[in-house]
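# Inside the fold
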Amino acid sequence: MALVELRQVMKTYSDGQSSPVTALQATDLLVGPGEFVCLAGPSGAGKTTLLNMIGCIDRPTSGRILIEEKDTATLGRGQLAKIRRRAFGFVFQSFNLIPVLNAYENVEYVLLLQNVEADERRQRVNTALASVGLSRLMDKRPGQLSGGQQQRVAAARAIVSRPLVVLADEPTANLDSKTGEELIDLFAALKQQLQTTFVFSSHDPAVIRRAQRILTLRDGRIMTDERLGG
Amino acid sequence: MISVKTFLVLARIGFRNIRRNVRRSLLTILAISFGLFCLIVFQALKAGLHKEMVSSTLGLDAGTIQVHAAGYEANTAVIQPMANIAEAKRTLATLGLTRFSERIKSPALLLAGRKSSAILLAGVLPGDEQQVTFIGRKMVEGSYLAEADRLLLGSPLAVSLGVRSGDEVVLMAQGMLGRPATRKFVIGGIYQTDLATFDRSHVYLPLPAAQHFLGADEVVTEIALLTEAERAQSLATALREKLDPGLFQVSSWQKVAPDLDQLIKLNDATMGLLVFIVFAIVAMGITNTMTTVIFERFREFGILNAIGTGPTAIVSLVVLESLFLGLIATILGLLAGIAACSWLQRYGLDLSSFISANQYFASGHVLKAHVLAEDLVSSALVTLATAIVAGIYPAWKASRMDPVKALLHN
Ligand SMILES: Nc1ncnc2c1ncn2[C@@H]1O[C@H](COP(=O)(O)OP(=O)(O)OP(=O)(O)O)[C@@H](O)[C@H]1O
Ligand SMILES: [Mg+2]
């Protein structure tokens, strides 16, 4: 069963003045359980747009998006927020975290949105922080953490809700290459441990190389879809 | 809908957000609390002014409630005696009303040599009258109705007639049953209030002397009571229910002094308008602050939205933040307002230079604040409601922000 299915999904942006930009051509895509997918391609290729379509952050201009085989086309803002809460974990390029909450509270936040009971919440947050190696820093606010530490808190937040898919748009772009590679290795370990699907985008060959499936985009089109063994 | 847990975490975030830009939050809080402060002070001064106007006007003569004979008409020359005074007094006692004064009143003419003046003669029991009016405390010459048949008159009248305490004057009136009455009286005292028109026209005699002079022994035409001004209307109603309507007619001060009542209502309406203007300005201030805040946190709202914070929760977050600003401001404004009012309650504002020429309402020259608990509560609630309402538009804006655009702006 596909977790996420895109059928002929197309996205054009128009700001009303210049001619509309087609960020994503009609695209079919299946993302299955336990996959470790990287979206590669040059700047402007449509990586962010495709991730936003998968994560129901934005609506397609045409085509259908199915999450666990359920169509999302007719859902309102509130219902889409609920799908995102339940089905996805997100890691963005930077400024991922709520500045006024400490690391623990940032991770806990998504569980509060889901109304998880106190005991279970505490246990899950502690486990998530331990699995990204940040138990020691859990009372620090984002401003007191390094870029790599912030991204690991975001990863803990992304996995704590036990989503179907963790989506990460250029999670390593603001990190030095060593820290970036460590973050992707952490993703791989989490994927292994939790059997969670990861879809992330990157420019960095060292990062792309670590994926098990590489989708290469150009001009809003998936040019190649390679699966690597392992 | 959002759960209690979500609400609480949003409240925590909202509260902490206030400290992110301390200077801006403080400015906003100060602006709101200043609005509330002004409101509290204005209201207390207004209440103080009303209290002062009511007591100084009604304490001259009218009291807060008057009882007359059924069918009584003011401003007629005819004496309108009340029947069964004893029953009326018993009823007052059952209602716990002890501050009252029974009177006989009649128009009369006062002559001194070749000068004369039309006056209103009132016969009163001095001790009872002092329970209701303060004329006894306004003596400038002689004594207050100390002797059984000496006249008490106002200073401006004495001046215009050219008489003093101890002089003889002649009183003329149409007595009971239309029999003319004329008699010489010695002036026993002279009083002076702040209201010259009153002093020129009101002349007093002890009750038995006045009754005798008017050929109306035992006759009383009016009972004036002094109660709390705010309770006068309800007490008058209670009295009306107990007294035989065939014999008695009860009026509260709002009917006896309609001008004063109107002035107070006008003041209240003006105050309402002022409140509206102050809070419209406060609301614009909050809306402006919160709009700036949400545009600054554009990306943050994008993240909140992306990780599953629904539109209702985002609206709640912004409204809560605005409410917290309002809450802090309300506490500050209340404290400052109460402090200022207690000072004004003790020392007052000296307004003598503004109200010297007031000839319609007697009023002291120092305006003292009078804080009413219900004014404080309603002002605080209005402030909080304003903070909530002012937060709604920016909150709605925040909930409609496009997460894609927010996330693209790294
Ligand atoms: N909100 C938008 N409004 C208008 N055009 C947009 C918008 N978002 C993306 N585009 C355009 O759509 C195309 C694809 O953009 P997208 O952000 O998906 O590329 P990307 O592969 O993520 O690039 P990058 O590596 O720079 O992040 C680009 O030409 C971009 O300019
Ligand atoms: Mg991108």
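Residues numbered from 1 in each chain as written. Chains lettered and ligands numbered in written order. Predicted model: local features only at pLDDT ≥ 70, side-chain atom pairs only at ≥ 80, totals over all residues. Heavy atoms only, no water.

A count of helices and strands for chain B gives 15 helices and 12 strands. Computed over C-alpha atoms, the radius of gyration of chain B comes to 31 Å, more than 25% over the 22 Å expected from 2.2 N^0.38 for 410 residues, which places it beyond the range of a compact globule. Along the longest, intermediate and shortest principal axes, the C-alpha atoms of chain B span 105 × 45 × 25 Å. Here chain B holds 410 residues, and the buried ones make up 51% of them. For chain B, contacts bridging at least 24 residues in sequence account for 78% of all contacts bridging at least 6. (Helix = DSSP H or I, 4+ residues; strand = E, 2+ residues; numbered from the N terminus. Rg over C-alpha atoms; globule rule 2.2 N^0.38 Å. Buried < 20%, exposed > 50% of the residue type's maximum accessible area, 1.4 Å probe, protein only. Contact = heavy atoms within 4.5 Å.)

Attention now moves to the nonpolar core. The biggest cluster of nonpolar side chains holds 113 residues, and the ones touching the most others in it are F88(A), Y109(A), F187(A) and F200(A). Setting aside residues no more than four positions away along its own chain, F187(A) makes contact with F36(A), V91(A), A155(A), A168(A), P171(A), F198(A) and F200(A). One finds L110(B), F185(B), L205(B) and A210(B) within the second-largest nonpolar core, a separate group that totals 30 residues. (Core = buried A, V, L, I, M, F, W, Y, C linked by side-chain atoms within 4.5 Å.)

Overall, the predicted model of chain A reaches an average pLDDT of 92, with 99% of residues at or above 70. Mean pLDDT across the elements of chain A bottoms out in helix α2 (residues 77-87) of chain A (89) and peaks in strand β9 (residues 213-218) of chain A (96). (pLDDT = per-residue confidence, 0-100.)

Around ligand 1 lies a shell of 14 residues, among which S43(A), G44(A), K47(A), T48(A) and T49(A) are the nearest. Nearby residues around ligand 1 are contributed by chains A and B. Contacts to ligand 1 include G46(A), whose backbone N or O atom sits 2.9 Å from an oxygen atom. Between T48(A) and ligand 1, the recorded distance is 2.7 Å, taken from a side-chain N or O atom to an oxygen atom. Starting from 630 Å² of accessible surface for ligand 1 in isolation, the protein chains cover 69%. Per element, the largest residue contribution to the shell around ligand 1 is three residues, and it comes from helix α1 (residues 47-54) of chain A. (Near = heavy atom within 4 Å. Polar contact = N/O pair within 3.5 Å; in protein donor to acceptor, adjacent residues only side chain to side chain. Areas by Shrake-Rupley, 256 points an atom, 1.4 Å probe, with all protein chains shown as cover.)

To continue, consider the packing of helix α3 (residues 103-113) of chain A against helix α5 (residues 147-160) of chain A. All names here are of chain A. Here α3 crosses α5 at 25°, and the two axes come no closer than 8 Å. Relative to α5, the element α3 lies roughly parallel. Our pair here, α3 against α5, has a crossing hand that is right-handed. Residue-level contacts link A103, N106, V107, V110 and L111 of α3 to V153, A156, R157 and V160 of α5. Its residues assigned to classes, the contact of α3 with α5 shows seven nonpolar, one polar and one charged. (Axes fitted to C-alpha atoms, helices over the stretch in contact; angles between N-to-C directions. Parallel < 35°, antiparallel > 145°, perpendicular 65-115°, else oblique. Left-handed = near helix turned anticlockwise from the far one by under 90°. Nonpolar A, V, L, I, M, F, W, Y, C, P; charged D, E, K, R; others polar.)

This next bit is on the packing of aromatic side chains. The final tally for this structure, using the stated rule, is 11 aromatic pairs over all chains. Between the aromatic rings of W343(B) and Y347(B), the centroid separation amounts to 5.2 Å while the plane-to-plane angle is 45°, which identifies the pairing as tilted. Judged by its relative accessible area of 49%, W343(B) is partly exposed. By way of ring pairs, the aromatic residues F36(A), F187(A), F198(A) and F200(A) are connected into one cluster. One Lys or Arg, R183(B), reaches over the ring of F185(B) and ends 4.2 Å from the middle of that ring. (Phe/Tyr/Trp six-rings, centres within 6.5 Å; stacked < 30°, edge-to-face > 60°. Lys NZ or Arg CZ within 6 Å of the ring centre and 35° of its normal.)

Working definition: the strands of a sheet are paired by backbone hydrogen bonds and lie parallel or antiparallel to each other. Residues and elements named next belong to chain A. Pairing is mixed in the open sheet, where six strands are placed in the order β6-β7-β8-β3-β9-β10. Whereas interior strands pair on both sides, the edge strands pair on one side only; in this sheet they are β6 (88-91) and β10 (221-227). Each adjacent strand pair in this sheet contributes to an overall mean axis angle of 15°, direction not counted. Pairing between β9 and β10: six bridges, direction antiparallel. Across the sheet, the residue bridging to I214 is E226, located in β10. Set on the sheet, α2 makes contact with β6 and β7 (165-168); between it and β6 the angle comes to about 85°. Along the sheet, α5 makes contact with β6, β7 and β8 (197-201), crossing β6 at roughly 175°. (Pairing = 2+ DSSP bridges.)

Turning next to the side chain of S3(B). As for its position among the elements, S3(B) is in the segment before α1 (4-17). Within the local environment of S3(B), its side chain forms a polar contact with the side chain of T6(B), the two groups lying 3.0 Å apart. The contacts of S3(B), once residues within four sequence positions are left out, are L112(A) and N115(A).

Now for the interface of chain B and chain A. Counting from both sides, the interface comprises 29 residues of chain B and, opposite them, 33 residues of chain A. Taken together, both faces of the contact between chain B and chain A bury some 2,700 Å²; the carbon and sulfur share is 60%. On the chain B side of the interface with chain A, the three residues burying the most area are K5(B), R16(B) and I307(B), jointly 25% of the side's total. Between chain B and chain A we count three salt bridges in total. E105(A) is paired through a salt bridge with R12(B); the nearest N and O atoms lie 3.0 Å apart. The tally of links between chain B and chain A comes to 11 residue pairs in polar contact (both at pLDDT 80 or more). Those elements giving two or more residues to the side of chain B that touches chain A turn out to be α1, α11 (298-306) and α15 (403-408) of chain B. Considering each element in turn, the side of chain B that touches chain A owes the most residues, eight residues, to α1(B). Here the side of chain B that touches chain A is built from residues that sort into 13 nonpolar, nine polar and seven charged. (Buried area = accessible area lost by both parts, 1.4 Å probe. Salt bridge = Lys/Arg side-chain N within 4 Å of Asp/Glu carboxyl O.)

The next thing to look at is the pairing of strand β1 (residues 65-69) of chain B. Residue and element names in this part refer to chain B. Within β1, five of the five residues are buried, which leaves the element mostly enclosed by the surrounding structure. Bridging between β1 and strand β10 (residues 248-252) involves five bridges; their strand directions are antiparallel. Following the sheet pairing, Q66 is matched in β10 by S251. Two strands pair when backbone bridges link them, and β1 and strand β9 (residues 222-225) are joined in this way by four bridges, in the antiparallel orientation. Note that in β9 the partner of V67 across the bridge is I223.

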